[in-house]
Amino acid sequence: MSATPPPVPPFALHPFSLEGDDEALERLKQKIERDRGFNCQFYKDKCLRRRIAVRMRARGRHSFTEYGELLDREPGEYDILLDTLTINVTKFFRNLETWTAVEEQVVPALFAMKTPQLKVWSAGSSSGEEAHTVSILLREWTERNGRAAEMARVQILGTDIDRKSLETAKRGEYPDLSLQETPEPIRERWFSPGPPYRIRPEAQRGVAFQRRDLISEAPPPEQNLIFCRNVVIYFDREIQERLFKGFFEALVPGGFLVLGKVETLIGPARTLFRSLNNRERIFQRPA
Ligand SMILES: C[S@@+](CC[C@H](N)C(=O)[O-])C[C@H]1O[C@@H](n2cnc3c(N)ncnc32)[C@H](O)[C@@H]1O
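Residues numbered from 1 in each chain as written. Predicted model: local features only at pLDDT ≥ 70, side-chain atom pairs only at ≥ 80, totals over all residues. Heavy atoms only, no water.

Once that is clear, we can look at the packing of aromatic side chains. Aromatic rings considered in pairs are described by the distance between their centres and by the relative angle of their planes. Scanning the model with the defined rule gives nine aromatic pairs in all. Centre to centre, the rings of Phe111 and Trp141 are 5.3 Å apart; their planes meet at 10 degrees, and the pair counts as stacked. Within this pair, whereas Phe111 is found in helix H6 (residues 96-111), its partner Trp141 is found in helix H7 (residues 129-144), the two being separated by 30 residues in sequence. The pair Phe111 / Trp141 is uniform in exposure class, with both members buried. Ring centres 5.3 Å apart and planes at 85 degrees place the aromatic pair Phe248 and Phe273 in the edge-to-face group. With Phe248 in helix H11 (residues 237-250) and Phe273 in the loop between helix H12 (269-272) and strand E9 (274-277), the pair connects residues that are 25 residues apart, well separated along the chain. By relative accessible area, which is 14% here, Phe248 ends up buried. What makes Phe273 buried here is its relative accessible area of 6%. Following the ring pairs from residue to residue traces out a cluster consisting of Phe38, Tyr43 and Phe235. One Lys or Arg, Arg187, reaches over the ring of Tyr197 and ends 5.4 Å from the middle of that ring. The lysine or arginine in question, Arg285, covers the ring of Phe248, its NZ or CZ lying 4.3 Å from the ring centre. (Phe/Tyr/Trp six-rings, centres within 6.5 Å; stacked < 30°, edge-to-face > 60°. Helix = DSSP H or I, 4+ residues; strand = E, 2+ residues; numbered from the N terminus. Buried < 20%, exposed > 50% of the residue type's maximum accessible area, 1.4 Å probe, protein only. Lys NZ or Arg CZ within 6 Å of the ring centre and 35° of its normal.)

This part is about the confidence of the model for the protein. Per-residue pLDDT for the protein averages 91, and the proportion of residues at 70 or more is 93%. For residues 5-16, every residue scores under 50 in pLDDT, and the model assigns this stretch 10 contacts once sequence neighbours within four places are set aside. (pLDDT = per-residue confidence, 0-100. Contact = heavy atoms within 4.5 Å.)

Now for the site of the ligand. Taken together, 21 residues sit near the ligand, with Tyr43, Thr90, Arg94, Asp160 and Asn230 positioned nearest. Between a nitrogen atom of the ligand and a side-chain N or O atom of Glu130, the distance comes to 3.2 Å. Between a nitrogen atom of the ligand and a main-chain N or O atom of Arg229, the distance comes to 2.9 Å. Put simply, the ligand lies in the largest pocket. Partitioned by chemical class, the residues of the shell around the ligand number eight nonpolar, six polar and seven charged. (Near = heavy atom within 4 Å. Polar contact = N/O pair within 3.5 Å; in protein donor to acceptor, adjacent residues only side chain to side chain. 1 Å grid on protein atoms, 1.4 Å probe; cavity = no way out; pocket = protein on both sides within 12 Å on 5 of 7 lines; lining within 4 Å. Sits in = over half its atoms within 2 Å of the grid points. Nonpolar A, V, L, I, M, F, W, Y, C, P; charged D, E, K, R; others polar.)

By size, the foremost hydrophobic cluster in this structure holds 43 residues, and its most contacted members are Ile32, Ile52, Leu214, Phe235, Phe247 and Leu257. Taken together, the elements giving at least two residues each to this core come down to helix H2 (22-36), helix H3 (45-58), helix H4 (64-73), helix H5 (75-86), strand E1 (118-123), strand E7 (223-228), H11 and strand E8 (251-259). At six residues, H11 tops the list of elements feeding residues into this core. Beyond its immediate sequence surroundings of up to four residues, Leu257 is in contact with Ile226, Phe247, Leu251, Leu265, Phe273, Arg281, Ile282 and Phe283. Residues Trp99, Leu138, Ala169 and Ile186 belong to the second largest nonpolar core, which totals 39 residues. (Core = buried A, V, L, I, M, F, W, Y, C linked by side-chain atoms within 4.5 Å.)

So, about the domain arrangement of the protein. Partitioning the protein into domains gives domain 1 (10-86) and domain 2 (96-284). Each of domain 1 and domain 2 has a C-alpha centre, and these two points are 31 Å apart. Across the contact, eight residues belong to domain 1 and 11 residues belong to domain 2. Summed over both partners, the interface of domain 1 with domain 2 buries about 980 Å², with 57% contributed by carbon and sulfur atoms. When the buried area of domain 1 at its contact with domain 2 is split by residue, Phe42, Tyr43 and Lys44 rank highest and sum to 54% of it. The tally of links between domain 1 and domain 2 comes to one salt bridge. Between Asp83 and Lys164 there is a salt bridge, with its nearest N and O atoms 2.9 Å apart. Where domain 1 touches domain 2, the interface holds four residue pairs in polar contact (both at pLDDT 80 or more). Residues of the side of domain 1 that touches domain 2, tallied by class, amount to four nonpolar, two polar and two charged. (Domains from an automatic or database assignment. Buried area = accessible area lost by both parts, 1.4 Å probe. Salt bridge = Lys/Arg side-chain N within 4 Å of Asp/Glu carboxyl O.)

Turning next to the pattern of salt bridges. Counted according to the given criterion, the structure contains 24 salt bridges. A salt bridge links Arg237 to Glu241, with the shortest nitrogen-to-oxygen separation between them at 3.4 Å. Of this pair, Arg237 and Glu241 both sit in helix H11, four residues apart, roughly one helical turn. Judged by its relative accessible area of 52%, Arg237 is exposed. If you follow the salt bridges from partner to partner, you end up with Arg55, Arg59, Glu74 and Glu77 in one network.

This brings us to the layout of surface pockets. Taken as a whole, the largest pocket spans an internal volume of roughly 490 Å³. If you trace the largest pocket, you find 31 residues lining it, with Thr86, Ile87, Asn230, Val231 and Tyr234 closest to the centre. For the lining of the largest pocket, the secondary-structure elements that each account for two or more residues are H3, H5 and strand E2 (154-160). Per-class residue counts for the lining of the largest pocket are 15 nonpolar, eight polar and eight charged. (Points joined across faces, edges and corners; volume = space filled by probe spheres on them.)

Below you can see the structure in the form of structure tokens.
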């Protein structure tokens, strides 16, 4: 006697949940926001689907509804899902060539600015590697140029939506992977031997971290330099345009914006900013 094979669930036809089931996905998005305050309404659907599918597959759930039920039963799964959704990958000196360009084209102009403070914002700072990289870069530059005392003007703020990443940022302890792109002399000078590698307290001076949602909260004002790298790529077009306009308004005249290598300005911001370095995605608010 041959048994009737079980019906093939829709998930098996679309193993990565890349399409279909729009209503169930919408319900799941609303549920995540209600339960955990994580607003995924403005993230690109394709991106969300791919990420949620990773967890569904790992937990053997075949629909967004089934997965939502699992989230109700297991708070631990919620934590893992949020980790998966926020994509926290980062490194010190990520894309070294960008940092070289920042050092040559931005740093001298930054220290020539007349504002009493020099405010640098790392928006979407993840575990703090970017904010700490700025600190190291500015310290090295001011020392080499006999202007170390001017570091007193510098305030660096790292913000992110992800609490766990922010805890790592504040602890200042990093695995080997975080330092993969860091030149050896910098590693030796600014980190205690590891792993874990501890960033030296001197490089942490003037660096603060805060939880902030880029989508629902206004940018901190009067910034001289904003880094927002590898963050907007996950947002839909309308949000990207709104963020770029917000960055423009948050910058002092002459202030700088650095985006990720695969990101670029879209919408009205394209004419608001002038491009300083196309390849490295460095822009300037005209003075
Ligand atoms: C790939 S990391 C980029 C880290 C760093 N900027 C870099 O380029 O190496 C993206 C970060 O954006 C953060 N993020 C995503 N959505 C956010 C939001 N709505 N508000 C603030 N941060 C957000 C994530 O938590 C994650 O830490």
